[in-house]
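This is what each chain is made of:
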Protein chains: 2
Amino acid sequence: MAKIILQSVLFQGKIQDILISGKKFAKVGRTLTARDYDKAEVVNCKGLAIVPPFYNGHTHAAMTLLRGYADDMPLQKWLQEYIWPFEAKLTAKDIEIGSRLAVLEMIKSGTVFFSDMYWHREVTMKVVKEMGIRAAIGVTIAENLDSPEHIEENFKFLQDHRYENDRVKLAVMPHSIYTVGEKIFKRCAKVANAENYVLHTHLSETLTEIKDCKKQYGCSPVELLAKWDILGDHMVAAHCVHLSEYDMSLMAESGSAAILNPCSNLKLGSGIPKVNALLDSGMLVGLGTDGASSNNNLDMHEEMKLISLLAKVEPKTGKAESLPAEEALKLATANPALAYGIPAGVIAEGFLADALLLDLKNERLVPNHNLVSNWVYAADSSAIHSVICNGKFVMKNRHVDGEEEILKDAQKIAKRS
Amino acid sequence: MAKIILQSVLFQGKIQDILISGKKFAKVGRTLTARDYDKAEVVNCKGLAIVPPFYNGHTHAAMTLLRGYADDMPLQKWLQEYIWPFEAKLTAKDIEIGSRLAVLEMIKSGTVFFSDMYWHREVTMKVVKEMGIRAAIGVTIAENLDSPEHIEENFKFLQDHRYENDRVKLAVMPHSIYTVGEKIFKRCAKVANAENYVLHTHLSETLTEIKDCKKQYGCSPVELLAKWDILGDHMVAAHCVHLSEYDMSLMAESGSAAILNPCSNLKLGSGIPKVNALLDSGMLVGLGTDGASSNNNLDMHEEMKLISLLAKVEPKTGKAESLPAEEALKLATANPALAYGIPAGVIAEGFLADALLLDLKNERLVPNHNLVSNWVYAADSSAIHSVICNGKFVMKNRHVDGEEEILKDAQKIAKRS
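What you see is a predicted model, and the numbers here were worked out from it, not measured in a lab.

Cut-off values and rules
Residues numbered from 1 in each chain as written. Chains lettered and ligands numbered in written order. Predicted model: local features only at pLDDT ≥ 70, side-chain atom pairs only at ≥ 80, totals over all residues. Helix = DSSP H or I, 4+ residues; strand = E, 2+ residues; numbered from the N terminus. Rg over C-alpha atoms; globule rule 2.2 N^0.38 Å. Buried ≥ 20, exposed ≤ 12 C-beta atoms within 10 Å, placed from the backbone. Contact = placed C-beta atoms within 7 Å. Axes fitted to C-alpha atoms, helices over the stretch in contact; angles between N-to-C directions. Left-handed = near helix turned anticlockwise from the far one by under 90°. Nonpolar A, V, L, I, M, F, W, Y, C, P; charged D, E, K, R; others polar. Pairing = 2+ DSSP bridges. Domains from an automatic or database assignment. Least-squares fit on C-alpha atoms with pLDDT ≥ 70 in both. Core = buried A, V, L, I, M, F, W, Y, C linked by C-beta atoms within 7 Å. Parallel < 35°, antiparallel > 145°, perpendicular 65-115°, else oblique.

1. Re the overall build of chain A
Within chain A, the secondary structure is distributed over 16 helices and 16 strands. On C-alpha atoms alone, chain A measures out to a radius of gyration of 21 Å, which is about the 22 Å that the 2.2 N^0.38 rule sets for 417 residues. Projected onto its principal axes, the C-alpha coordinates of chain A cover approximately 65 × 50 × 40 Å. The buried share of chain A, reckoned over its 417 residues, is 59%. Of the contacts made within chain A by residues no fewer than 6 positions apart, 72% connect residues no fewer than 24 positions apart.

Structure representation (structure tokens):
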């Protein structure tokens, strides 16, 4: 098995040597032996610190192509006059290029996993396999857009493919309660439970969704999913902006997880997620970026800082002590990894060898009174020196293979539009 | 006069050549002649875009030394057990090093001006002069900390020094209505009006300040300053988180400006500034970062994105259309420049030649449907290629002179503490 030794890296306040063997951390916090060094690639990490990388719990990767295409307008106008007409013209090749741009941006901002709800899943799977990071690629189901035949194909795809490799998983993604009805939603949940897929959906994102749901079904979206028996530990719900206390207790008790997307929720004027209340309910809470057309980037660091700031002014509960740096970091790393069943997001023996190396000479990490505080509250992506996923470098000294070509291809599509 | 030609730079959607002559933009949006090229330094800007740089309307620069020293705790504990004891040990030399670190960080994140409220103003003035950016350096007055003799010295300093050079101005900075009484506050305002200094103070930052003011004086802090006849077009007030409609009208009618510091206000749990309401009142509104001990950086880009996001969920007024990218950019550039009387923050003929060159190959600026949207909503400091202040490059291709030494010196002080 390939071995890498990260030599003299700052970890938990001490200069240490860390051994990666194959895909996993083999020795952390122990002295390495001559045997460990045998045939190992030794990487000098003097002046670098190691922290867990980001796991993006909700996005639409190829929407990088729509970055800045339409902003600062009401949701319906945005969708109907700009986003949907643009998307209607996208080919599988376009989506491949958009996904490549997304993965490039994610790597550069320290993300090694994303959960993707979009179309042309095969090309996104190919991109992720080639570029070396992880993903849960959605089989996306929306009854307002897909024909019954297409939906049957989707279920067949889920049966035929299972987990594709150790970095790329499939997930079942009914779009939302307002685009998928009871019958298909229940079928999605059944497949997810039987085949151990994550079940991912948009949930309680806007007040309009809540209002319409109450009108149509007489209950909240979360109550509806509970009634349909959809909640459970396979459920990973994106947004969860407008949950009642009862909604929270239903989700927490069922083992469902919430993925908050604060930048997108604020930018679209949807509302402010109540992160303290969600955490207090006992729910597993992680973060995602949503698509680049509503964020307008895929930077998990921004979500991490923003959710921590919002926690401190949350009505009723917010105070300066709310969601301290260490906790905010977990929301962007270990928690979303856990929600998607990936044993990663922690720098510890036996966990998958995913990591960021931070440049301690970056001015925002100076002085180094507290590395986690500096990383969460002061730094931005410019502090990221290298990115490791599954025991391999996917960025070294800020270089990602193929970068120039990806950028050129993406610009070409934009010009065509 | 020295001349620089920025050749083939993207400006307002077109590839253009821009002539800087001495400290100012001489030709923007016109064809350059052979005479313009005579003895000019020609800088190839192919693949770069020009945008205005940031003007940081409120900070305490040397507090970079306290970055990450104490976080996530109540304000009183933070001040009394951590910040004040640390500050008590700081020498003039320390403050010089802290200011250098601050200026380095500001340049790297695209800021060319800051308003500084701190002590040992002479060393900060020296640092700013040497490092090539602009500042309004405060003569800071706090009756709870300064002796009457020290306060007399401060007023004498203001009389003796006037504007030091074209990049460094002095400003009169009574700390706040809870640390400066009527007599001294009025004297500060009198000097500011007579000598044309900006009058800068903390105002309506926390609910405690409002409550205490109402108890002591029977009115809000803004009403108090109106009563004392302090408001006016020399007044630039930091924070302004908790203003009533009446407070806003008093400030707007008097020509006073507000500098919002959203990251700091959220991080300390003080509250969310109501930017839509403030702008609707007709007030001049700009942004600042506050000190690095409560932010924890000096990144104006973060403030710009955050205030735009917060506007979209502001109670009563917030919607997706609130504070669009172009407006948010002004809050971080032209508006604070205007508040401090600096004819800059706009790329236009006759204005001071301050600018950022953005790298169009940065993945977050791709695709380029809308540069301003990409810059405000998608980018971070990694997109900044070069920084120009007063007609000179202070950062070129991400290099700032003396960077390594500044970082080393700052780390030494931190270790000593």
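Still more ground to cover, so stick around.
2. Things to note about the packing of helix H3 (residues 92-108) of chain A against helix H4 (residues 121-131) of chain A
All names here are of chain A. Relative orientation of the contacting elements H3 and H4 amounts to 35 degrees, with a least axis distance of 9 Å. Classified by chirality, the crossing of H4 by H3 is right-handed. Residues Ala 92, Ile 95, Glu 96, Ser 99, Arg 100 and Val 103 of H3 lie in contact with H4, whose contacting residues are Val 123, Thr 124, Val 127, Val 128 and Met 131. Here the residues of the contact of H3 with H4 are counted per class, giving seven nonpolar, two polar and two charged.

3. Considering the pairing of strand E1 (residues 3-11) of chain A
Residues and elements named next belong to chain A. As defined by bridge partners, E1 adjoins strand E2 (residues 14-21) across seven bridges and the pair is classed as antiparallel. Within E2, the residue paired with Val 9 across the bridge is Gln 16. Strand direction decides the pairing type here: E1 and strand E4 (residues 41-44), joined by four bridges, are parallel. Each residue of the ladder has a partner; that of Ile 5, found in E4, is Val 42.

4. Considerations on the domain arrangement of chain A
Residue and element names in this part refer to chain A. The domains assigned to chain A are domain 1 (3-52 + 344-395) and domain 2 (54-331). For domain 1 versus domain 2, the distance between C-alpha centres works out to 29 Å. With 16 residues of domain 1 at the contact, the number on the domain 2 side is 20 residues. Where the side of domain 1 that touches domain 2 is concerned, the elements lending two or more residues are helix H15 (371-378), strand E15 (384-389) and strand E16 (392-395). Top element by residues in the side of domain 1 that touches domain 2 is H15. It accounts for four residues. Looking at side-chain class alone, the side of domain 1 that touches domain 2 contains nine nonpolar, four polar and three charged residues.

5. Describing the sheet that holds strand E8 (residues 134-141) of chain A
All names here are of chain A. Spatial strand order, E6-E7-E8-E9-E10-E11-E12-E13: eight strands in an open sheet with parallel pairing. Of all the strands in the sheet, just strand E6 (54-59) and strand E13 (284-287) have a single pairing partner and so form its edges. Here the average twist between neighbouring strands, direction ignored, is 25 degrees. Pairing analysis gives seven bridges linking E8 to strand E9 (residues 168-174), with the strands arranged parallel. Counterpart to Val 139 in the pairing with E9 is Val 172.

6. Here we look at unusual backbone geometry
Cis geometry is adopted by the peptide bond preceding Pro 367 of chain A, which originates at Val 366 of chain A and carries an omega value of -10 degrees. Tracing the chain through its elements places Pro 367 of chain A in the loop between strand E14 (355-359) and H15. Positioned with a positive phi, Asn 397 of chain B is a non-glycine residue whose angle comes to about 50 degrees. Position of Asn 397 of chain B among the secondary structure elements: in the loop between strand E16 (392-395) and helix H16 (403-416). Under the C-beta neighbour-count criterion, Asn 397 of chain B is labelled exposed, with 9 such atoms within 10 Å.

7. Focus: the interface of chain B and chain A
On the chain A side, the residues contacting the 53 residues of chain B number 53 residues. The set of elements that each furnish at least two residues to the side of chain B that touches chain A consists of helix H3 (92-108), helix H10 (262-267), helix H12 (300-311), helix H15 (371-378) and H16 of chain B. Of the residues forming the side of chain B that touches chain A, the biggest block, five residues, is contributed by H16 of chain B. A per-class count over the side of chain B that touches chain A returns 25 nonpolar, 14 polar and 14 charged.

8. Description of the relation of the copies chain B and chain A
Each copy superposes on the other: chain B lies on chain A with an RMSD of 0.0 Å after a rotation of 180 degrees and an axial shift of 0.0 Å. On this basis, the relationship between the two copies can be described by a two-fold rotation axis. Closest approach to the rotation axis among the C-alpha atoms of chain B is made by Ser 382 of chain B, whose C-alpha sits 2.7 Å away. Most of the interface of chain B is mirrored in chain A, where 100% of its interface residues again form contacts.

9. Structural notes on the nonpolar core
Core analysis: the largest hydrophobic core is formed by 291 residues, its most contacted members being Ile 133 and Ile 307 of chain A together with Ile 133 and Ile 307 of chain B. For Ile 133 of chain B, the contacting residues outside a window of four places in its chain are Val 103, Met 106, Ile 107, Val 112, Phe 113, Val 128, Arg 167, Cys 389 and Val 394 of chain B.

10. A look at helix H13 (residues 325-332) of chain B
Judged by how many residues are buried, H13 of chain B sits mostly within the fold: six of eight residues are covered. Listed in full, the buried residues belonging to H13 of chain B are Ala 325, Ala 328, Leu 329, Lys 330, Leu 331 and Ala 332 of chain B.

11. Some points on the packing of helix H12 (residues 300-311) of chain A against helix H13 (residues 325-332) of chain A
Residues and elements named next belong to chain A. Here H12 crosses H13 at 135 degrees, and the two axes come no closer than 9 Å. Considering the angle they form, H12 stands oblique to H13. The handedness of the crossing between H12 and H13 is right-handed. From H12, Met 300, Glu 303, Met 304, Ile 307 and Ser 308 reach across to H13, where they touch Ala 325, Ala 328, Leu 329, Leu 331 and Ala 332. For the contact of H12 with H13, the class distribution of residues is eight nonpolar, one polar and one charged.

12. Notes on the sheet that holds strand E9 (residues 168-174) of chain B
Strand pairing in a sheet relies on backbone hydrogen bonds. The paired strands run either parallel or antiparallel. All names here are of chain B. Here we have eight strands laid out as an open sheet, ordered E6-E7-E8-E9-E10-E11-E12-E13, and parallel in their pairing. With one partner strand each, in any of the chains shown, strand E6 (54-59) and strand E13 (284-287) form the two edges of the open sheet. On average, each strand axis in the sheet is inclined to that of its neighbour by 25 degrees, with strand direction left out of account.

13. Here we look at H15 of chain B
Counting buried positions along H15 of chain B gives seven out of eight residues, so the element sits mostly inside the fold. Summarising the contacts, the buried residues of H15 of chain B are in contact with strand E5 (48-51), H12, H13 and strand E14 (355-359) of chain B.

14. Things to note about the environment of Ser 322 of chain B
Residues and elements named next belong to chain B. Among the structural elements, Ser 322 can be located in the loop between H12 and H13. Each C-alpha atom of the pair Ser 322 and Val 43 lies 38 Å from the other, and the pair is 279 residues apart in sequence. Not counting chain neighbours up to four residues away, the residues in contact with Ser 322 comprise Asn 276, Ala 311, Lys 312, Glu 314 and Thr 317.

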